[in-house]
Each structure stands twice: as structure tokens, then as C-alpha cells.
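Report on the structure
Spelled out from the first residue to the last, the chains are:
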Amino acid sequence: VRAKLEADFKASRSAKRPLRLYFKCPRQGNEKSLWLRGFAKLGRLSPDSWNKRRFFGKLTPFSPATSRLRSDARQEHFTRDVRRLEMGISHKLDDEADDEHAKQGDTLEYRALPSYCYPHDWMTHTEMREECNLPSTKFHDLRLDHLRDKEIGTLRVEILQCFGLPKLDRSSESDGVCYLVCGSYAFATDVIENNNNPIWMRKSRRACTFPIFHGYARLFAGIFDHDGFTNKDDFAGRVVIDVARLRPGSCYDVTLPLRLSC
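If you're wondering where the values come from, they're calculated on a predicted model, not measured in any experiment. (Residues numbered from 1 in each chain as written. Predicted model: local features only at pLDDT ≥ 70, side-chain atom pairs only at ≥ 80, totals over all residues. Heavy atoms only, no water.)

1. Remarks on the overall build of the chain
- From N to C terminus, the chain includes 7 helices and 10 strands.
- Counting all 262 residues of the chain, 31% fall into the buried class.
- Of the roughly 18,500 Å² of accessible surface on the chain, a fraction of 53% belongs to carbon and sulfur atoms. (Helix = DSSP H or I, 4+ residues; strand = E, 2+ residues; numbered from the N terminus. Buried < 20%, exposed > 50% of the residue type's maximum accessible area, 1.4 Å probe, protein only. Areas by Shrake-Rupley, 256 points an atom, 1.4 Å probe, with all protein chains shown as cover.)

This is the structure:
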């Protein structure tokens with residue numbers, strides 16, 4: 001395809017005529033809106049085109065589906081096998097395991113979020129939990145080089161999931177985001193849209209490393225409903241952890257209740 005495209009491009013230049021390209025969006029959504037916004041981000045639209053209302057003013061909004069039935073059983077087996085290989089499980093799946101999944105009715109799949117990490121992935125609840133339990137692909141290091149000699153330790157934190165967040169939006173479920181604060185350092189996770197039980201999977205922004213400078217440090221974790229960058233987020237609850245109560249060199253996997261008190 002690339003060779004043919006280069007040949008067409010050279011032919012159009014030699015003939016001094018424009019080369020017209022056609023794109024097709026394989027996924028759901030308004031194709032015109034997707035491509036125009038994409039070209040605008042790349043700076044390929046002229047200012048005149050950007051200012052014309054007919055390009056952006058009359059585009060109908062689209063809301064892609066967030067769930068669907070997995071139509072092909074082979075696709076389910078392929079997705080599950082790939083995920084097991086990522087987890088280091090190399091044994092073959094037998095018929096009993098397939099029957100067990102069929103009994104659970106695990107055929108309804110959901111769009112994996114955030115979309116920039118999983119652009120075309122659909123997963124069942126079981127696959128999302130498996131993906132969530134895998135180690136994070138990246139820990140965001142909040143430490144500063146010129147303060148390393150003043151540290152007495154570090155704290156690594158991963159946010160995995162929330163259960164039963166209150167519905168704080170009128171037209172949809174909550175758009176969950178978690179803010180972590182320890183001392184003068186802060187970290188924000190990705191926003192999981194339209195889900196009162198958000199799951200932050202391993203490829204998402206969910207893990208960070210805090211520097212600890214004193215023994216009475218506290219970790220604050222606040223859950224909010226994200227309302228955009230121009231509005232204030234709605235408070236859903238918070239958790240406070242005394243770092244001094246944690247044993248050095250230990251790993252904790254805990255589920256803590258959210259408090260509404262400030």
C-alpha cells in the first residue's frame with residue numbers, strides 16, 4: 001500500500017495535478033468530525049477552514065456505544081488466550097473452561113477505557129479485572145533529583161478500582177478521577193468516563209511514586225466526578241492513610257471506604 005501511495009504521489013506531482021485521498025473510519029462515529037478534528041490538531045487545516053462554521057458548527061454529535069455482545073466465540077477465545085500469555089499462563093484452554101465462561105454469561109463486552117490506552121479494545125468484566133490486576137506499565141516518578149539526599153523513603157501507590165460511586169451527573173454516571181496528595185506532591189489518574197464502578201487498568205495513568213521526607217507524612221486520596229477543565233469537579237469521597245503505620249518494604253492490597261468529611 002505504501003509503495004502504491006508513493007507511486008501515485010510521484011505521478012500526481014509529475015502531472016501537476018492534486019492527489020485526492022479518501023479515508024474510512026472503521027469504528028463508530030461521525031467520520032467528518034473525526035477527520036476534521038484530527039487534521040486540525042496536526043495543523044493541516046487553514047485558518048479560513050477553521051473559522052468556517054460549516055466545518056464544525058453543523059456536525060452532529062455522536063455517542064459511541066459503550067457495550068456490545070461478543071458475536072464470535074473464536075474472538076473471545078483469542079482475546080482470552082492473548083491475555084493469559086501476557087499474564088505468563090501458557091497452558092491450553094480446555095472445553096471445561098469454555099463451558100464455565102458460557103455458564104457465567106460473560107459474552108457482554110464493554111469498551112476499554114481510557115481510549116488512548118485501549119483505542120480499539122473491548123473487554124468483558126472478567127477480562128477487565130484480569131487486566132486491572134496486572135502490574136502497572138508505568139509508575140510516574142514524582143521525585144526531584146536535587147532533593148534525593150533529603151528523602152527518608154518512597155511510597156509507591158496504585159489506584160485499581162472504585163465500587164458504587166454516587167451518581168453526580170444528571171444525564172450519565174460519574175466520570176471518576178482520583179487525586180493523590182502527599183506533602184507538596186500531587187498526582188491525578190486518568191478519567192474513567194460514565195462509570196460508577198471505574199476500573200483503572202494497567203496501561204492507564206494510575207500509579208506513581210511519592211518521596212517521603214518525614215515520618216509523619218500522610219497520603220490523601222480523593223475521588224471526584226470530573227466535569228471538564230473549566231468547571232469544578234464534584235466531590236465523591238476521600239481516604240487518608242498515615243504513612244507511619246505502614247511497614248517498610250511491604251506491599252498492601254486494601255479496599256478502603258470513602259469518607260465524605262473534609
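Let's pick the thread back up.
2. Section: the pattern of salt bridges
- Enumeration according to the criterion identifies 8 salt bridges in this entry.
- A salt bridge links Arg143 to Asp141; the shortest N-O distance between them is 2.8 Å.
- According to the relative accessible area criterion, Arg143 is partly exposed, its value standing at 26%.
- Given a relative accessible area of 38%, Asp141 falls into the partly exposed group.
- One salt bridge connects Arg148 with Asp141, and the closest N-O pair in it is separated by 3.7 Å.
- Salt bridges sharing common partners tie together Asp141, Arg143, Asp145, Arg148 and Glu151. (Salt bridge = Lys/Arg side-chain N within 4 Å of Asp/Glu carboxyl O.)

3. A closer look at the environment of Arg218
- Looking at the secondary structure, you find Arg218 in strand E9 (residues 218–225).
- Exposure remark for Arg218: the relative accessible area of 40% places this residue in the partly exposed category.
- For the pair formed by Arg218 and Val240, sequence separation is 22 residues and the distance between their alpha carbons is 6.8 Å.
- Those residues within four positions of Arg218 in sequence are excluded, and the remaining contacts are Val181, Cys182, Gly183, Val240, Ile241, Asp242 and Val243. (Contact = heavy atoms within 4.5 Å.)

4. Remarks on the layout of surface pockets
- Approximately 1,600 Å³ is the volume found for the largest pocket.
- Taken together, the elements giving at least two residues each to the lining of the largest pocket come down to helix H7 (125–133), strand E5 (153–158), strand E6 (176–182), E9 and strand E10 (234–242).
- The element contributing the most residues to the lining of the largest pocket is E5, with 6 residues.
- Within the lining of the largest pocket, the residues separate by chemical class into 31 nonpolar, 10 polar and 8 charged. (1 Å grid on protein atoms, 1.4 Å probe; cavity = no way out; pocket = protein on both sides within 12 Å on 5 of 7 lines; lining within 4 Å. Points joined across faces, edges and corners; volume = space filled by probe spheres on them. Nonpolar A, V, L, I, M, F, W, Y, C, P; charged D, E, K, R; others polar.)

5. Some details on the pairing of strand E2 (residues 108–111)
- Pairing geometry for strand E1 (residues 67–69) and E2, over 3 bridges, is antiparallel. Along E2, the bridge assignment pairs Arg68 with Glu109.
- Taken together, the 2 bridges between E2 and strand E3 (residues 122–123) define a ladder with antiparallel strand orientation. When the sheet's bridge partners are listed, Arg111 is paired in E3 with Trp122. (Pairing = 2+ DSSP bridges.)

6. Focus on unusual backbone geometry
- In this model, Leu113 is joined to Pro114 through a cis peptide bond whose omega is 0°.
- In this structure, Asn194 is a non-glycine residue whose phi angle is positive, near 55°.
- You can see Asn194 is positioned in the loop between strand E7 (185–188) and strand E8 (207–212).
- Exposure remark for Asn194: the relative accessible area of 38% places this residue in the partly exposed category.

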